[in-house]
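Single-letter residue listing:
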Amino acid sequence: MVEKLQGLKGSPWLYFLSQKLLELIVAFVVLVAITFLIVLLIPGDPARVIAGPDASQEHIEFTRQRLDLDLPVWQQFWNYLSGIFTGDLGQSFRTNEEVWNIVAIRLPFTVTIALGAIVVAFIGAIILGMTVAGLTRGNRNRWLDVTFSWASATLQAFPTYVYGAILVAIFAVALGWLPAGGASNVQSYILPIAALSFGAVFSVARIVRRETANVLEMDYMRTARGWRISRLKQYVKYALPNLMASTLTLSGLIFANMIGGAVVIESVFAWPGLGNGVVGAILDRDYPVIRGIILTIGVFAIMTNTMIDIVLAAFDPRTLTAGKAFS
Amino acid sequence: MTMANEAQAAPTQKKQKRRLHPILLAGLIIMTVVVLIGIFAPMWFSESANVQSNDRRMPISADHPLGTDEFGRDLFSRALVATRLTLLLTVAASAISVVIGVTIGTLVWFMPPRVRQLIVGANSVAVAFPNLVIALIIAAILGPGAWTAAFAVGIASVPAFVRLTVNMSSPIMARDYVTTAHLLRVSKYKLIGRHVLPNMAEPLLILTASNFAVTLVELSGLSFIGLGVQSPDYDYGLLLSDALTMIYAQPTQVIGPAVMIVLAGLGAMLIGDGLAASSNPRTRGQRRAMRTGTLRPAPAAANEQAKEQEAAREAAEDPEDEIDVRVRDLRVTAANGTELVKGIDFDVRRREIVGLVGESGSGKSLTAMTLCGLTPEGVTATAGTLVAAGHNMLEPVSSRELAQDIALVYQDPMSTFNPALKLNTQLTEVARTHLGMRPSRARRKLIERFEQLKITSPEHRIGQHPHELSGGMLQRAMIASSLLAEAKLIVADEPTTALDVTVQAEVLRQFVSATQELDASVLFISHDLGVVEALCDRVLVMYRGEIVEELTAEQLGSRRVEHPYTRKLLDAAEYVEAL
């Protein structure tokens, strides 16, 4: 593998992508191992715990068999691994539905609100952060500087589910404009995405604002001013690409955590996604479903991280060669 | 994400040790209130919070500040009483993260390098993984419950503390005195106890405080979705979840737990930010308060000012007048009141190359930038008359004319180019935006100019990013672009200082021949009298914000200078030449 990677050094993008792929594979292997261990790590006799305190011996043995717990560990792992690649993760204990089926139905709902929130948060944060940075440059508008610092610090401290509860109380209950829960129509997407992105808008906007302030002091921005181009063009064309990389690096974790946030926010809106699915499965001790959904959420989280890295490289080609000798 | 880093502050010499940072103070006040509530609320309010009554679903009233729930329990009391359990769980979870994280982060130094690398690598994967997903995995293993939730959330934050410990200790473990200590057979335990841990106390405290806020929010989140605290116990998260099920009947039930979660989380976060801010010297101390970066007419007596303006207008309007630059009484003042340029006067005639010479800090660049209408942030400028390329700069001039008529070449080519954009994109900006050239035509013109300045394989170069070119190439490219718009005035601020001596002469020669071809006047700024002598028709010597001497090339050539400072500059130039 290493030799192969070195052979690709001529093209930085190919090298970069193959490196990312390698990281992706490692993370996936770790994820598979952890989800496999969920059942084995249950304290005591897993089958007995899963079957419940009042279960008959017969039911306990049945549970043991369904989870392969009667097989040697390596056999269990092999069955689990091959199951993942052949699309067979077993059936739900409760409904006997195929786990992949459950995942396939629920996944799009979670992906939509998580990605929607990332996009909304990113665009909102860039507009807000750059506007504030522009208005407060060189100590202009000190009041705005102070107001923004305190307001954004406060507003980013609100958990997503608190935003969710407040949004429901205002827009669904008091005003009746939007549905309080479910995913019946397009309007029902608005509140979950808003709740999920609100706090992130402010925490990312703080980063954008700080980075913009740094970029505005750069010599190349003075060069752009010397070309007498409009302020909007200076900011969008000349400043934005340069603060993108650091902003993405600093806010990558915020976006990765949006997936975790989506799990909780689904509970506010009775959203038929993976989050509600996994919570229900944990309460029901429905381990095949737990494994399947956590595996899916994990893959999704890993993919988000990789995507952020790739976007990062596209904005700042220098990161492609990072780690290699710099000419 | 700290508040402190937001602030663009001027560095201050004095440390302000004794005063608490306002952010830290606010955090400490909020947190103290929350902790006091956690201690005393269960003693005073547990009856109204827990005992059912017949006052069900009461609205907000004096007796019940937040109303009552469906069992007649006071919601205000419940929100306060929930504080204790919430805080206890959060403290437990934080303790788990800190203790396990720091232990692992320290223990890696006792392991073989390969194992250490493996652990650090695995940890970096774990850090990027959403905390809540890790918590869900642990909750799935151990089953729902208050203390398993605390354990789960605590474990989920371990990677962040491992990373901090490893990052903080690796430079220390590699430092010389540690190596020395190692050679002296001081044990690694002593090393870590004596050198590593004390060094990381501050960042650890900051992370712990910020992480406390995150932990509180995540724990409440687990209770909220039903995997944390179980009824009849209750914390903030469970109260909020109860409120949501009753949202149509009593939307105000949300207020209590929502306010408390935000308050407690905000308090911890502000403490973390405040600590970070006070440990960061850049943000300590006060900020500048003046609005800067402005250019105004000099506040002269009204009739005198009118006269000056008249002169400027004449210079600007009369095409026969050969004046390209006219500066009268230009003053530049720093925000702290120091006068950096002290009322200077000079002219530049058409096709004339005028040198502006002086040491760093003498005010040459400030003069040049202000002349071009680009007064930098941090200073303010006034002038009686300011004409550049025939435009009165004290009045609004269209950006199209300015961009077309005034070209700037800066000192350090490595930093004056935008690193994210290709050369073609940035260097044809003026031609496309202000001269209305089509991209293909601008591109062709740029290639021609590149050829003129002897830039090798220009077609290839214009598609490259700045970091792919050498400094000399970049400076030629910058000069090429200034020729593209056929400017009337070229202001060059030490264009060759950042270049190799061997490249300097070559670039200068090309620069001069190119400007002569354009019939442009040049204001050439340099600290090197030797360069200026070879290049300029006339030289202005600047010293401490004043023009102390004006010389023709002839005077300079025959060394007929008067001011002692000019003499010194000349000696320095000759000394360098002699080498």
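Scroll up a little and you will see the structure.
Throughout what follows, the structure given in this document is the object of discussion. Here the structure is a predicted model, which means the values were calculated and not measured. (Residues numbered from 1 in each chain as written. Chains lettered and ligands numbered in written order. Predicted model: local features only at pLDDT ≥ 70, side-chain atom pairs only at ≥ 80, totals over all residues. Heavy atoms only, no water.)

Before going further, it helps to examine the environment of Leu80 of chain B. Position of Leu80 of chain B among the secondary structure elements: in helix H3 (residues 75-107). Along the primary structure Leu80 of chain B and Ile60 of chain B are separated by 20 residues, whereas in three dimensions their C-alpha atoms are 16 Å apart. (Helix = DSSP H or I, 4+ residues; strand = E, 2+ residues; numbered from the N terminus.)

To continue, consider the nonpolar core. Membership of the largest hydrophobic core comes to 165 residues, with the highest contact counts inside it found for Tyr161 of chain A together with Leu240 of chain B. The dominant element in this core, judged by the number of residues it contributes, is helix H11 (residues 231-268) of chain A, at 17 residues. (Core = buried A, V, L, I, M, F, W, Y, C linked by side-chain atoms within 4.5 Å. Buried < 20%, exposed > 50% of the residue type's maximum accessible area, 1.4 Å probe, protein only.)

Another point: the pairing of strand E4 (residues 353-357) of chain B. Side-chain direction in a regular strand flips from residue to residue, so the side chains alternate between the two faces of the sheet. Residues and elements named next belong to chain B. Along E4, five of the five residues are buried, which leaves the element largely enclosed by surrounding structure. Every second residue of E4 is oriented toward a common face, with Ile353, Gly355 and Val357 on one face and Val354 and Leu356 on the other, all of them buried. Both E4 and strand E11 (residues 538-543) contribute to a ladder of four bridges, which runs parallel. For Gly355, the partnering residue across the bridge sits in E11 and is Val539. (Pairing = 2+ DSSP bridges.)

Okay, the packing of helix H11 (residues 236-245) of chain B against helix H12 (residues 255-279) of chain B next. Residue and element names in this part refer to chain B. Contact geometry for H11 and H12: axes closest at 9 Å, N-to-C directions at 150°. The orientation of H11 relative to H12 falls into the category roughly antiparallel. Taken as a pair, H11 and H12 cross one another with a handedness that is left-handed. Counted together, Tyr236, Leu239 and Leu240 of H11 and Pro257, Ala258, Met260, Ile261 and Ala264 of H12 form the full contact between these two elements. Considered class by class, the residues forming the contact of H11 with H12 number eight nonpolar, no polar and no charged. (Axes fitted to C-alpha atoms, helices over the stretch in contact; angles between N-to-C directions. Parallel < 35°, antiparallel > 145°, perpendicular 65-115°, else oblique. Left-handed = near helix turned anticlockwise from the far one by under 90°. Contact = heavy atoms within 4.5 Å. Nonpolar A, V, L, I, M, F, W, Y, C, P; charged D, E, K, R; others polar.)

For the rest of this paragraph, the subject is the packing of aromatic side chains. Within this structure, the stated rule accounts for 15 aromatic pairs over all chains. Centre to centre, the rings of Phe36 of chain A and Phe77 of chain A are 5.0 Å apart; their planes meet at 75°, and the pair counts as edge-to-face. One end of the pair, Phe36 of chain A, is in helix H2 (residues 12-40); the other, Phe77 of chain A, is in helix H5 (residues 73-86), and 41 residues separate them in sequence. When the ring of Phe511 of chain B is compared with that of Phe524 of chain B, the centres are 6.2 Å apart and the planes differ by 45°; the resulting orientation is tilted. Of the two residues, Phe511 of chain B sits in helix H22 (residues 501-518) while Phe524 of chain B sits in strand E10 (residues 521-526), which places them 13 residues apart along the sequence. With relative accessibility at 1%, the residue Phe524 of chain B sits in the buried group. What links up through ring pairs into an aromatic cluster is the set Phe158, Tyr163, Phe198 and Phe202 of chain A. In this arrangement the basic side chain of Arg78 of chain B is found over the ring face of Tyr234 of chain B, its NZ or CZ atom lying 4.1 Å from the centre. (Phe/Tyr/Trp six-rings, centres within 6.5 Å; stacked < 30°, edge-to-face > 60°. Lys NZ or Arg CZ within 6 Å of the ring centre and 35° of its normal.)

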